[in-house]
Amino acid sequence: MKHPLKHPNGNAGRAILALADGTLFEGVAIGAKGATAGEVVFNTAMSGYQEILSDPSYSRQIVTLTYPHIGNTGVNREDVEASRIHAAGLVVKDVPFLASNFRSEQDLQSWLAEQGVVAIAGIDTRKLTRILREKGAQSGAIVAGASAEEALRMAREFPGLAGMDLAQTVSTAAPYEWTETEWMLGHGHGRQLQPGCHVVAFDFGVKANILRMLAQRGCRVTVLPAKAGAAAALALRPDGVFLSNGPGDPQPCDYAIEATRELIERGVPTFGICLGHQIMALASGARTLKMKFGHHGANHPVQDVETGRVMITSQNHGFAVDPDSLPNNCAVTHISLFDGSLQGFRRTDKPAFCFQGHPEASPGPHDLAPLFDRFVGMMETARHG
Ligand SMILES: NC(=O)CC[C@H](N)C(=O)O
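Here the structure is a predicted model, which means the values were calculated and not measured.

What counts and how
- Residues numbered from 1 in each chain as written.
- Predicted model: local features only at pLDDT ≥ 70, side-chain atom pairs only at ≥ 80, totals over all residues.
- Heavy atoms only, no water.
- Pairing = 2+ DSSP bridges.
- Helix = DSSP H or I, 4+ residues; strand = E, 2+ residues; numbered from the N terminus.
- Axes fitted to C-alpha atoms, helices over the stretch in contact; angles between N-to-C directions.
- Contact = heavy atoms within 4.5 Å.
- Near = heavy atom within 4 Å.
- Polar contact = N/O pair within 3.5 Å; in protein donor to acceptor, adjacent residues only side chain to side chain.
- Nonpolar A, V, L, I, M, F, W, Y, C, P; charged D, E, K, R; others polar.
- 1 Å grid on protein atoms, 1.4 Å probe; cavity = no way out; pocket = protein on both sides within 12 Å on 5 of 7 lines; lining within 4 Å.
- Points joined across faces, edges and corners; volume = space filled by probe spheres on them.
- Phe/Tyr/Trp six-rings, centres within 6.5 Å; stacked < 30°, edge-to-face > 60°.
- Buried < 20%, exposed > 50% of the residue type's maximum accessible area, 1.4 Å probe, protein only.
- Lys NZ or Arg CZ within 6 Å of the ring centre and 35° of its normal.
- UniProt positions renumbered as here; feature names shortened; annotations may be inferred.

Peer 1: Got a sec to walk through the sheet that holds strand β3 (residues 34-43)? Specific residues and values, please.
Peer 2: Strand order in the closed barrel formed by seven strands is β1-β2-β6-β5-β4-β3-β7, with mixed pairing between adjacent strands. Neighbouring strand axes in the sheet, compared pairwise and without regard to direction, differ in orientation by 35° on average. For strand β4 (residues 61-65) and strand β5 (residues 89-91), the ladder comprises three bridges, and the chain directions are parallel. Paired with I62 across the two strands is G89, which belongs to β5. Where helix α4 (residues 148-157) meets the sheet, its contacts fall on β1 (14-19), β2 (24-29), β3 and β7 (138-144), and the angle it forms with β7 comes to roughly 150°.

Written as structure tokens, this is what we have:
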């Protein structure tokens, strides 16, 4: 197999991607030397590679980007969802010889190498994606500088994400206040924000843009560790509680399910996104299941079943809530128009609702951003009666 791709930083070498089913791909290393294993998934977004790689929800997942040219606009300090790369590895067709953008501070390859992330380029990502679509997301490994046998062994040893509680592994160690509000006051919407609601956000692997969008709506946001519990949240006298996105299987996160159940029962306005949506479902008595290859992209149509409106959304999940398991006090609000899977529900007996996709999506689409306004409205109603 020939690889015309030459890495501009000169650390290119042979790399192998192995899938647990025995499929091997040979390409070139574009990140760190070494080896990595995880669940191999594909994301169809055409932009946002920095946001995807740094999204904590991708912990223990090797991400294949189906858009063929990745890295064109380089990397900057602002477009990240967390302070480091969380994806376990990256698979792309092609990286450019030159990253070019006025905001670019370094190229993708050196960022990957600096963060110790193993990545491979120069493989047929269309073929790989077809395998993942047909057989489902599966365990895999990338090795840079080792043998195919080693890659295959690692791929087969990775146990898969079912049953894995990863939220607590990526959560903040200590509570903190989100402080971009001031930045927003100076440079954001150009309007003075009223002193807003106090949101306590459980960090199961939270993306920066979620906290930013709450702050943009005037909220003061206190972020709590995943295992902080309901009492710690209540002690902060929140106007509302936010349940974040995050990696892994929601089912083993009993600490989060327990806290959510108590907060919702007490009538605290609650909003969940992605893993937070799944946790709200489990706390309400529903079930979650593992999807075949999940939803990972930025153009997924979702219907608001209450208004009939169709919206384009960003998605990143491999588990889903079983709609048949929703109890009577949960009303379906959104469904996926790709496969009819559940995308959102609200509690009919409490001020609580959640969404499976990503209303905070950065770089977009932004069709679902009004869900944040709904949350703020819910908190204001609870405050003023
Ligand atoms: N983005 C997320 O929060 C993902 C939720 C969960 N880890 C899933 O894969 O379904």
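Peer 1: Tell me about the site of the ligand, and name the residues and values.
Peer 2: Around the ligand sit 13 residues in total, of which G246, G248, C274, G318 and F319 are the nearest. At 3.0 Å, a side-chain N or O of S57 approaches a nitrogen atom of the ligand. Interatomic distance of 3.0 Å between a backbone N/O atom of L275 and an oxygen atom of the ligand. Breaking the shell around the ligand down by element, the ones donating at least two residues are α10 (275-283) and β14 (310-321). Of all the elements, β14 adds the most residues to the shell around the ligand, at four residues. Residues that form the shell around the ligand fall into these classes: four nonpolar, nine polar and no charged.

Peer 1: Requested: an account of empty space enclosed by the protein, with residues and values cited.
Peer 2: Inspection of the entire model under this criterion finds two cavities of 30 Å³ or more. Each pocket or cavity is described by its volume, and for the largest cavity that value is around 140 Å³. Residue lining of the largest cavity: 15 residues in total, with G246, G248, H317, G318 and F319 positioned closest to the centre. Put simply, the parts of the chain that give the lining of the largest cavity at least two residues each are α10 and β14. No other element matches β14, which puts four residues into the lining of the largest cavity. Class assignment of the residues belonging to the lining of the largest cavity gives a composition of five nonpolar, eight polar and two charged.

Peer 1: For the packing of aromatic side chains, give the residues involved together with the corresponding values.
Peer 2: The full count for this structure, using the stated rule, is six aromatic pairs. On the basis of an interplanar angle of 10° and a centroid distance of 6.1 Å, the ring pair of F202 and F204 is categorised as stacked. Residue F204 is classed as buried on the basis of its relative accessible area, which comes to 1%. Ring-pair connections join several aromatic residues into one group, and the members of that group are F242, F271, F353, F372 and F375. The aromatic ring of F319 is capped on one face by K290, whose charged end is 5.0 Å from the ring centroid. Taking the ring centre of F353 as reference, the NZ or CZ of R374 above it sits at 5.5 Å.

Peer 1: How would you explain the UniProt feature "domain: Carbamoyl-phosphate synthase small subunit N-terminal" (unreviewed entry) in the protein if you had to name every residue and give the values?
Peer 2: Using the residue numbers shown here, the UniProt feature "domain: Carbamoyl-phosphate synthase small subunit N-terminal" (unreviewed entry) corresponds to residues 13-143. Along residues 13-143, the helical share is 18% and the strand share 30%, with 10 Å between the first and last C-alpha atoms.

Peer 1: Give a detailed account of the sheet that holds strand β16 (residues 342-347), specifying residues and quantitative values.
Peer 2: Note on sheets: strands pair through backbone hydrogen bonds, and any given pair is parallel or antiparallel. The ten strands lie next to each other as β8-β10-β9-β11-β12-β17-β16-β15-β13-β14, forming an open sheet whose pairing is mixed. A strand with exactly one partner marks an edge of an open sheet, and here the two such strands are β8 (176-177) and β14. The pairing of strand β9 (residues 198-203) with strand β10 (residues 220-225) spans six bridges and is classified as parallel. Considered in β10, the bridge of V199 is made with V221. The sheet contacts of α10 involve β11 (240-243), β12 (270-273), β13 (288-304), β14, β16 and β17 (352-355), and relative to β12 the element is tilted by about 125°.

Peer 1: Account for α10, with residues named and values stated.
Peer 2: Most of α10 is tucked away: nine of the nine residues are buried. Taken as a whole, α10 has its buried residues at L275, G276, H277, Q278, I279, M280, A281, L282 and A283. Two residues or fewer after α10 comes G285, characterised by a positive phi angle close to 100°.

Peer 1: Quick one: what's the story with the UniProt feature "active site" (unreviewed entry) in the protein, residue by residue and with numbers?
Peer 2: UniProt records the feature "active site" (unreviewed entry) at C274, H358 and E360, using the numbering of this structure. A maximum C-alpha distance of 11.0 Å is found for the annotated residues, which run over 87 residues; spatially they form one tight group. Among the annotated residues just listed, those that line the largest cavity are C274. Among the residues examined, H358 registers a relative accessible area of 2% and is labelled buried. Beyond its immediate stretch of four places on either side in the chain, H358 contacts K207, N245, I273, C274, S314, Q315 and N316. Inspection of the secondary structure puts E360 in the loop between β17 and α11 (370-384). Leaving out residues up to four positions away in the same chain, E360 has contacts with K207, N209, I210, M213, I273 and F372. In this structure the side chain of E360 is engaged in a polar contact, spanning 2.9 Å, whose partner is the side chain of K207.

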